[in-house]
Amino acid sequence: MKNNNFESIFDAYQLVSGAKIKGKKHDEIFELGAYDAMKRGYVLYPLEHGVKFDDFSVMVSEKELKNNFLIEAVKQNIAA
């Protein structure tokens, strides 16, 4: 994950499955999984060298994501 731009998470609409998530204090990179309504949180899968590890995951609330994590900035192509 070289030279990726990460930005603060301001809105739940930014939290889409497959997005790259990085901790503010640590350089660990995660891939955002689906929202689990029963547990009221998002599943994060660790990424290492572009490989997603499905055998381990972390459940994180939306509030914790907004306060402690950054999301990869995505360039948008807007058709006019």
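So, a few notes on the structure that sits alongside this text. (Residues numbered from 1 in each chain as written. Predicted model: local features only at pLDDT ≥ 70, side-chain atom pairs only at ≥ 80, totals over all residues. Heavy atoms only, no water.)

1. A few points about the pairing of strand β2 (residues 20–23)
Spelled out, the test is: Categorising residues by exposure relies on relative accessible area from a 1.4 Å probe, with only protein chains included: less than 20% of the type maximum marks a residue as buried, more than 50% marks it as exposed, and the intermediate range marks it as partly exposed. Numbering of helices and strands runs from the N terminus, with a helix taken as a DSSP run of H or I at least four residues long and a strand as a DSSP run of E at least two residues long. At least two DSSP bridges between two strands are needed for those strands to be called paired.
Burial along β2 is one-sided: the face carrying I21 and G23 is buried and the face carrying K20 and K22 is not. Alignment of β2 against strand β3 (residues 29–36), held across 3 bridges, turns out to be antiparallel. From the neighbouring strand, I21 faces β3, where its bridge partner is F30. Taking the residues that link successive antiparallel strands as the turn, the β2-β3 hairpin has 5 residues. The pairing of β2 with strand β7 (residues 69–72) spans 3 bridges and is classified as antiparallel. Within the sheet, the bridge partner assigned to K22 lies in β7 and is L70.

2. Notes on the nonpolar core
Here is the rule: By convention a nonpolar core is built from buried Ala, Val, Leu, Ile, Met, Phe, Trp, Tyr and Cys residues, the set being connected through side-chain atoms within 4.5 Å. Residues are treated as being in contact if the distance between any of their heavy atoms lies within 4.5 Å.
Within the largest apolar cluster, 12 residues are counted, these being I9, L15, A19, I21, F30, L32, Y42, L44, V60, L65, F69 and I71. Residue assignment for this core shows that the elements contributing at least two residues are β3, β4 (41–48) and β7. Once you skip the residues sitting within four places of it in the chain, A19 turns out to touch F30, E31, L32 and I71.

3. Section: the environment of G41
Relative to the assigned elements, G41 resides in strand β4. Taking relative accessible area as the criterion, G41 reaches 0% and is therefore assigned buried.

4. A look at the packing of aromatic side chains
Let me state the cut-off plainly: Here the aromatic set is Phe, Tyr and Trp, taking the six-membered ring for Trp, and pairing holds for ring centres within 6.5 Å; pairs whose planes are under 30 degrees apart are stacked, those over 60 apart are edge-to-face, and all others are tilted.
By the definition in use, this model includes 2 aromatic pairs. Here the aromatic rings of F30 and F69 are separated by 6.3 Å at their centres, their planes lie at 75°, and the arrangement is edge-to-face. With F30 in strand β3 and F69 in strand β7, this residue pair connects regions lying 39 residues apart in the sequence. Given the relative accessible area of 12%, F30 is considered buried.

5. Notes on the pattern of salt bridges
Put simply, the rule reads: Each salt bridge in this description consists of a side-chain nitrogen of Lys or Arg and a carboxyl oxygen of Asp or Glu lying within 4 Å of one another.
This model, assessed by the stated rule, comprises 4 salt bridges. Taking the shortest distance from any N to any O, the salt bridge between E31 and K52 comes out at 3.6 Å. Separated by 21 residues along the polypeptide, E31 in strand β3 and K52 in strand β5 (residues 51–52) bring together distant segments of the chain. E31 sits in the buried class, given a relative accessible area of 17%. When the shortest N-O distance is used, the salt bridge between D54 and K52 registers 3.5 Å. A relative accessible area of 34% means that K52 is categorised as partly exposed. Sharing partners across several salt bridges, the network here consists of E31, K52 and D54.

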